[in-house]
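Letter by letter, the chains look like this.
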Amino acid sequence: TLGLRFLAGAIDAMLMAAIGQAVVWLIYGDPFAALDRMVTNLSQAWRFALPAFALTIAYFSVTEWRWGATLGKAICRLRVVRPGDRAYPRFRQAVIRATCYQIIPVLPYWIMAFVNREIMISPSAGNYALSASYYQLIPILFSTARRNNGFAAIQDLLSGTRIISRAALAARTTTPR
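Below is a short write-up of the structure. (Residues numbered from 1 in each chain as written. Predicted model: local features only at pLDDT ≥ 70, side-chain atom pairs only at ≥ 80, totals over all residues. Heavy atoms only, no water.)

Take Gln-93: it is sitting in helix H5 (residues 91-103). Take Gln-93: its relative accessible area is 12%, and that puts it in the buried class. What Gln-93 contacts, discounting residues up to four positions off in sequence, is Arg-82, Ser-159, Gly-160 and Thr-161. (Helix = DSSP H or I, 4+ residues; strand = E, 2+ residues; numbered from the N terminus. Buried < 20%, exposed > 50% of the residue type's maximum accessible area, 1.4 Å probe, protein only. Contact = heavy atoms within 4.5 Å.)

Listed below in structure tokens is the structure:
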């Protein structure tokens, strides 16, 4: 269900946030000092943000390709599969899924960072609205989920994958080789 997918996503987000926070502490010592550097020096922010996104995409891609699930999906007993044979996704499919899910919601913020740096560093209504756009785009990713398409979100449709319960995966028939 979408509820289980939301829970799995929240678990993965907390895991990635904890890892990110640990990295910030190791590199900068003080997270507020890191934020101050990133706000006053946009190139500093990009040097941190781009590797963070690359590592996040790698986490989702590798775990879904290799084991069919991230830690959050495994805890929620979900698996990412190819609809036809219910095998784990190919690496390319896993990368497409992860990239769609991680990049689409932050695109408005990144585009604005290139267009108008001032909105990024000022506590303005525009900055807050831009930050809120992330939370508006996440549900849009799931706007295509319908019972008749297996609750496929945009990232599922673009990558040719589906999320199923682990019980459904175990129930699949095996074919002799």
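Looking now at unusual backbone geometry. Positioned with a positive phi, Arg-77 is a non-glycine residue whose angle comes to about 60 degrees. Along the polypeptide, Arg-77 turns up in the loop between helix H4 (71-75) and strand S1 (78-81). Judged by its relative accessible area of 44%, Arg-77 is partly exposed. A positive phi angle, close to 60 degrees, is found at Arg-86, a residue other than glycine.

Its place among the elements puts Arg-5 in helix H1 (residues 2-28). Among the polar contacts listed, one links the side chain of Arg-5 to the backbone oxygen of Phe-151, at a separation of 3.1 Å. The contacts of Arg-5, once residues within four sequence positions are left out, are Leu-78, Arg-97, Phe-142, Phe-151, Ala-153, Gln-155, Asp-156 and Ile-163. (Polar contact = N/O pair within 3.5 Å; in protein donor to acceptor, adjacent residues only side chain to side chain.)

Inspection of the entire model under this criterion finds five aromatic pairs. Here Tyr-101 and Phe-142 contribute two aromatic rings whose centre-to-centre distance is 6.5 Å and whose plane-to-plane angle is 80 degrees, an arrangement assigned as edge-to-face. Of the two residues, Tyr-101 is situated in helix H5 and Phe-142 in the loop between helix H8 (125-141) and helix H9 (154-159); the sequence distance between them amounts to 41 residues. The partly exposed category is assigned to Tyr-101, whose relative accessible area is 21%. By the ring-pair criterion, three or more aromatic residues cluster together here, those being Tyr-59, Phe-60, Tyr-101 and Phe-142. (Phe/Tyr/Trp six-rings, centres within 6.5 Å; stacked < 30°, edge-to-face > 60°.)

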